[in-house]
Amino acid sequence: MKNESTVLQRASTIKTEAYWMPFTHNRYFKKNPLSRTLVRAEGAYYTTAEGKRLFDCLSGLWCCPLGHAHPKIAEAVAKQVRELDYSPAFQMGHPKIFSLAERIVGLAPAGMGHVFFGNSGSEAVDTALKIARTRLIGRERGYHGVGIGGISVGGIAPNRKMFAPLLVQGVDHLPHTHSAAEMAFSRGQPKWGAHLAEELERLVALHDASTIAAVIVEPMQGSGGVIVPPAGYLERLRQICDRHGILLVFDEVITGFGRLGEPFGAQRFGVTPDMIAFAKIVTNGVIPMGGVIVKPAIYDAFMTGPETSVELFHGYTYSGHPVAAAAAHAALDAIAEEGSFKRARELEPVLERAVHSLKGEPGVVDIRNIGLAAAVELEPIQGKPGARALKVFERGMEEGMLYRFTGDTIAMAPPFISTEPEIEAMIEKLRVALRAAR
Ligand SMILES: Cc1ncc(COP(=O)(O)O)c(C=O)c1O
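Enquirer: Please clarify how the domain arrangement of the protein chain should be interpreted in this entry.
Expert: Bring the parts together and some accessible area is lost; that lost area is often taken as the interface size. The domain architecture assigned to the protein chain consists of domain 1 (2–62 + 341–436) and domain 2 (74–338). Once you take the C-alpha centre of each, domain 1 and domain 2 turn out to be 26 Å apart. The set of elements that each furnish at least two residues to the side of domain 1 that touches domain 2 consists of helix H3 (59–62), helix H15 (340–356), strand S11 (364–370), strand S12 (373–378) and strand S15 (409–412). Looking at the side of domain 1 that touches domain 2 residue by residue, the class counts come to 13 nonpolar, six polar and eight charged.

Written out as structure tokens, the structure is:
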């Protein structure tokens with residue numbers, strides 16, 4: 001293991017100061033960086049700079065469910081770099097991106113027709129918002145990335161507060177759908193809450209439908225803490241949008257490509273939106289890629305004017321990057337060959353049973369789950385929001401688990417390649433960590 005010890009040795013000499021880390025307690029992290037510095041990943045496990053193996057409880061950041069160092073994806077990426085490493089995104093194309101768009105439309109619910117590519121979820125969302133144009137309606141507790149558009153329709157207060165003067169004007173928000181009193185410890189979709197969609201009618205009455213272009217929601221709010229849509233809620237949103245000619249956009253950056261056991265949340269919930277933003281799992285997280293799938297009528301609405309005019313003044317240098325396209329094809333091949341959607345559905349009851357066994361453990365005030373995703377919400381320690389979850393997170397690492405915490409919620413979205421014992425171990429170790437953090 002000479003190679004392994006060289007990697008660990010190299011990591012032990014890293015200087016951390018120059019790197020300004022995103023969504024991170026920089027100063028706290030840099031006091032003890034090695035336990036949280038990752039040097040390797042294979043399958044469902046990471047290895048830290050201290051040589052500790054960690055089970056990847058959130059599939060990276062929801063993006064690597066097929067497992068790390070997937071041989072097919074690694075090979076496709078290496079081959080693509082040698083064959084066509086970059087192709088200008090504007091006024092030029094390459095075969096893999098055309099075929100990838102076809103493939104993604106084929107996986108999407110019937111009635112979708114075209115794909116616009118970017119490099120991240122944030123870009124996918126901002127692209128969808130630009131296609132819709134104003135006025136936009138988001139939802140409280142929604143996370144739509146960090147672009148100015150995404151934070152404007154998003155509903156996570158700290159992400160908006162610092163940038164308040166920059167927010168897009170005229171955006172309204174639907175209420176979020178979580179109510180501890182009505183739905184704590186629900187399994188799957190809560191029964192209460194479909195009526196909250198009616199709030200859209202109130203916004204229509206306030207602004208008039210003619211001034212509202214689109215409503216954007218995550219079918220399941222992931223980063224907001226696995227907030228599962230109440231039964232009937234998305235259906236009602238769809239009906240109200242149809243009634244008033246408003247576009248419905250699903251942000252499926254987390255739910256796209258199998259997290260809910262179907263290609264998209266749209267199919268899981270039986271509701272077809274007008275646009276779907278996607279990213280993450282499309283390449284198994286290996287190369288950044290995101291995009292928006294739209295219905296033909298939306299695409300056609302732009303295809304006017306002289307044939308030699310640019311129809312949409314929007315795009316990125318790396319839109320439809322050939323290496324990302326190659327990674328996406330390989331990831332979609334792997335999903336098909338390995339039956340990943342079916343596997344996620346098989347593991348859903350295993351995760352549900354295990355995670356709900358944590359009810360009654362110290363500090364646990366709610367548990368939510370759907371598909372291969374679950375969240376355990378903790379009561380904050382008085383005056384120290386987030387401190388309890390941080391303790392659980394740190395103890396989790398000692399136990400060999402890399403959990404994700406935001407605020408006082410622990411989120412889990414294990415890889416589709418997980419075994420049942422691994423999912424059970426992930427929950428049993430969380431029990432240990434919760435008891436230690438009391
Ligand atoms: C629903 C949703 N939309 C958008 C984003 C932003 O994606 P990115 O971080 O790739 O910009 C995320 C990230 O987690 C997300 O969960």
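Enquirer: It is not clear to me how the site of the ligand should be interpreted in this structure. Could you clarify?
Expert: Near the ligand you find 14 residues, and of these Ser120, Gly121, Ser122, Gly145 and Val253 are the closest. Here the shell around the ligand gets three residues from one element, more than from any other, and that element is helix H6 (residues 121–132). Taken together, the residues of the shell around the ligand sort by class into five nonpolar, seven polar and two charged.

Enquirer: What exactly am I supposed to notice about H6 here?
Expert: Given 3.6 residues to a turn, an α-helix orients residues that are three or four positions apart in the same direction. Here H6 spans 17 Å end to end across 12 residues, near enough to the 16 Å set by a 1.5 Å rise per residue. With 11 of its 12 residues buried, H6 lies for the most part within the structure. Those residues of H6 lying buried are Gly121, Ser122, Glu123, Ala124, Val125, Asp126, Thr127, Ala128, Leu129, Ile131 and Ala132. Directly after H6, the chain includes Arg133, whose backbone phi takes a positive value near 60°.

Enquirer: What should I look at first to understand the pairing of strand S10 (residues 290–294) in this one?
Expert: Remember that side chains alternate between the two faces of the sheet whenever the strand is regular. When you tally the buried positions in S10, you get five out of five residues, the bulk of the element. Alternating residues of S10 divide into Gly290, Val292 and Val294 and Gly291 and Ile293, and every residue in both groups is buried. Pairing of strand S4 (residues 114–118) with S10 involves five bridges; the strand directions are antiparallel. When the bridges of S10 are listed, Val115 appears paired with Ile293. Summarising the sheet, strand S9 (residues 275–278) and S10 pair through four bridges and their orientation is antiparallel. Bridged to Phe278 within S10 is Gly291.

Enquirer: How should the sheet that holds S10 be read in this particular structure?
Expert: Backbone hydrogen bonds hold the strands of a sheet together, and the pairing may be parallel or antiparallel. Strand order across the open sheet formed by seven strands is S4-S10-S9-S8-S7-S5-S6, with mixed pairing between neighbours. Only two strands of the sheet have a single partner each, and these edge strands are S4 and strand S6 (172–174). Ignoring strand direction, the axes of neighbouring strands in this sheet form an average angle of 20°. With two bridges connecting them, strand S5 (residues 136–139) and strand S7 (residues 214–217) associate as parallel partners. Its bridge partner lying in S7, Ile137 is registered against Val215. Taken strand by strand, helix H5 (residues 95–107) contacts S4 and S10, and its axis lies near 120° from that of S4. Running at roughly 145° to strand S8 (residues 247–251), helix H11 (residues 233–244) makes contact with S7 and S8 of the sheet.

Enquirer: So what exactly am I meant to see when it comes to the sheet that holds S12 here?
Expert: Ordered in space as S11-S12-S15-S14, the four strands form an open sheet in which the pairing is antiparallel. For this open sheet the edge positions go to S11 and strand S14 (404–406), each flanked by a neighbour on one side alone. Neighbour to neighbour, the strand axes of the sheet diverge by 20° on average, direction disregarded. Note that S14 and S15 share three bridges and pair antiparallel. When the bridges of S15 are listed, Arg404 appears paired with Ala411.

Reading guide: rules and limits
- Residues numbered from 1 in each chain as written.
- Predicted model: local features only at pLDDT ≥ 70, side-chain atom pairs only at ≥ 80, totals over all residues.
- Domains from an automatic or database assignment.
- Helix = DSSP H or I, 4+ residues; strand = E, 2+ residues; numbered from the N terminus.
- Nonpolar A, V, L, I, M, F, W, Y, C, P; charged D, E, K, R; others polar.
- Near = placed C-beta within 6 Å.
- Expected span 1.5 Å × (residues − 1).
- Buried ≥ 20, exposed ≤ 12 C-beta atoms within 10 Å, placed from the backbone.
- Pairing = 2+ DSSP bridges.
- Axes fitted to C-alpha atoms, helices over the stretch in contact; angles between N-to-C directions.
- Contact = placed C-beta atoms within 7 Å.

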